[in-house]
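# A structural walkthrough
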Amino acid sequence: MKSRTARLHRKRARPAAIAVTPSRKILIVDDDAPTSALLADFFDSQGFATTVVMNGLHVEPEVRRSNPDLVLLDVTLPGMDGLEVCTQVRRFSAVPIIMLSARTDEIDRTLGLEVGADDYVCKPYGFREIGAGVATGVMSPSAGSPHCSCTEPNGSDARGAATVRLGNSPRPSMRPP
């Protein structure tokens, strides 16, 4: 009897197989190599998996291939500018997009949001600012996948304004319903 109890105890003591959760993926789109490298290093150190793309023409294929959880998108890019890229990505994906730009005029920020960006951050910016936008506004490494869904079947909330839901927090959308 003693040996049976010891055997049962040993079986319980063995660790169960641990399910490995893949890292959250961030696609960094910026043609400035030092900036891209710094962003990638920062987010890698925070537990994200990062991919860097430096040409606007390569963004759509990369988003389709890797299905990132977030896109950090510079506005000024070779090949295709960030506004065009954002419009193109919005045709097939609801991935959260944070625009990064040296263009600080209100019209530039407004245009970035109108073409589908979820946030617009002006350069120069600090890593804490970008990290806060990622953690609070769009997603965090410990949160579930950021799924966008409208609060009403017709794509609007009770007031008729378009609203998207990222995780559990509803946020107004700048995109028309």
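Here's what I pulled together on the structure shown here. Note that this is a predicted model, so its numbers are computed, not measured.

How each quantity is defined
Residues numbered from 1 in each chain as written. Predicted model: local features only at pLDDT ≥ 70, side-chain atom pairs only at ≥ 80, totals over all residues. Heavy atoms only, no water. Helix = DSSP H or I, 4+ residues; strand = E, 2+ residues; numbered from the N terminus. Buried < 20%, exposed > 50% of the residue type's maximum accessible area, 1.4 Å probe, protein only. Contact = heavy atoms within 4.5 Å. Areas by Shrake-Rupley, 256 points an atom, 1.4 Å probe, with all protein chains shown as cover. Pairing = 2+ DSSP bridges. Axes fitted to C-alpha atoms, helices over the stretch in contact; angles between N-to-C directions. Arc of directions from axis to C-beta. Polar contact = N/O pair within 3.5 Å; in protein donor to acceptor, adjacent residues only side chain to side chain. Phe/Tyr/Trp six-rings, centres within 6.5 Å; stacked < 30°, edge-to-face > 60°. Lys NZ or Arg CZ within 6 Å of the ring centre and 35° of its normal.

## A short note on the overall build of the protein chain
- For the protein chain, the helix and strand inventory stands at six helices and eight strands.
- Starting at the N terminus and walking to the C terminus, you meet the elements of the protein chain as α-β-α-β-α-β-α-β-α-β-α-β-β-β.
- Within the protein chain, the fraction of its 177 residues that count as buried is 38%.
- Nonlocal contacts in the protein chain, meaning residues at least 24 apart in sequence, comprise 55% of its contacts between residues at least 6 apart.
- Total accessible area computed for the protein chain in this model is approximately 10,400 Å², and 55% of it derives from carbon and sulfur atoms.

## Quick notes on the sheet that holds strand β2 (residues 49-53)
- Pairing within the open sheet is parallel, and its five strands lie in the order β2-β1-β3-β4-β5. Two strands lie at the open edges of the sheet, namely β2 and β5 (119-122), each paired on one side alone. The average undirected angle you get between the axes of adjacent strands in this sheet is 20°.
- With four bridges joining them, strand β3 (residues 70-74) and strand β4 (residues 97-101) adopt parallel strand pairing.

## Considerations on helix α3 (residues 59-66)
- Taken as a whole, α3 has its buried residues at V59, E62, V63 and S66. Relative to the axis of α3, the buried residues are bounded by an arc of 100° and lie together on one face. Exposed residues pointing more than 90 degrees away from the buried face of α3 are listed as R64 and R65.
- Contacts from the buried residues of α3 go to β1 (25-29), β2, β3 and α4 (82-90).
- Taken from the residues just after α3, N67 is the one with a positive phi, measuring 45°.

## Considering the side chain of S101
- Within the fold, S101 resides in strand β4.
- For S101, the side chain forms a polar contact with the side chain of Y120, separated by 3.2 Å.
- Setting aside residues no more than four positions away along its own chain, S101 makes contact with D74, V75, Y120, V121, C122 and K123.

## A closer look at the packing of aromatic side chains
- Within this structure, the stated rule accounts for two aromatic pairs.
- Consider the rings of F42 and F43, whose centres lie 5.0 Å apart with planes at 75°: the pair is edge-to-face.
- Residue classification places F43 among the buried residues on the basis of a relative accessible area of 1%.
- Relative to F48, the ring of F43 lies with its centre 5.7 Å away and its plane at 85°, an arrangement referred to as edge-to-face.
- By way of ring pairs, the aromatic residues F42, F43 and F48 are connected into one cluster.
- Residue placement shows R64 over the ring face of F92; its charged tip is 3.8 Å from the ring centre.

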